[in-house]
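These are the residues of each chain, in order.
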Amino acid sequence: KAVARFSIAITRNIKNAEGETEADFINCECSGQVAETLSKYKHKGDLIAVNGNIRTDKYQDSNFNNKTRTYILVNRVQFLSTKKVEEKAK
């Protein structure tokens, strides 16, 4: 079964002290047909919308430290546009 792990950038509506827009990077994971489709058709910088559930996994690393991993378990992806389409529009 195919598995894809990726992150999405979500732009904040505020600017930092330098006047630049900030973004949060959210980890995502999907499997099966959704993962296969993403690996075939999407590239870094393409705009997508994801639908899924927020998950939190607790585990111990190799040094027995307790860790937490929060991510979106994606069950559906909508393709909004590609980076190439956006560049042509400019």
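Residues numbered from 1 in each chain as written. Predicted model: local features only at pLDDT ≥ 70, side-chain atom pairs only at ≥ 80, totals over all residues. Heavy atoms only, no water.

Visitor: Give a detailed account of the pattern of salt bridges, specifying residues and quantitative values.
Guide: Counted according to the given criterion, the structure contains six salt bridges. Two residues, arginine 12 and aspartate 24, come together in a salt bridge whose shortest N-O distance is 2.6 Å. You can see arginine 12 sitting in strand β1 (residues 3-15) and its partner aspartate 24 sitting in strand β2 (residues 21-31), a full 12 residues away along the chain. According to the relative accessible area criterion, arginine 12 is partly exposed, its value standing at 34%. Accessibility expressed as a relative area gives 29% for aspartate 24, which makes it partly exposed. We note a salt bridge from aspartate 46 to lysine 42, for which the minimum N-O separation is 3.8 Å. (Salt bridge = Lys/Arg side-chain N within 4 Å of Asp/Glu carboxyl O. Helix = DSSP H or I, 4+ residues; strand = E, 2+ residues; numbered from the N terminus. Buried < 20%, exposed > 50% of the residue type's maximum accessible area, 1.4 Å probe, protein only.)

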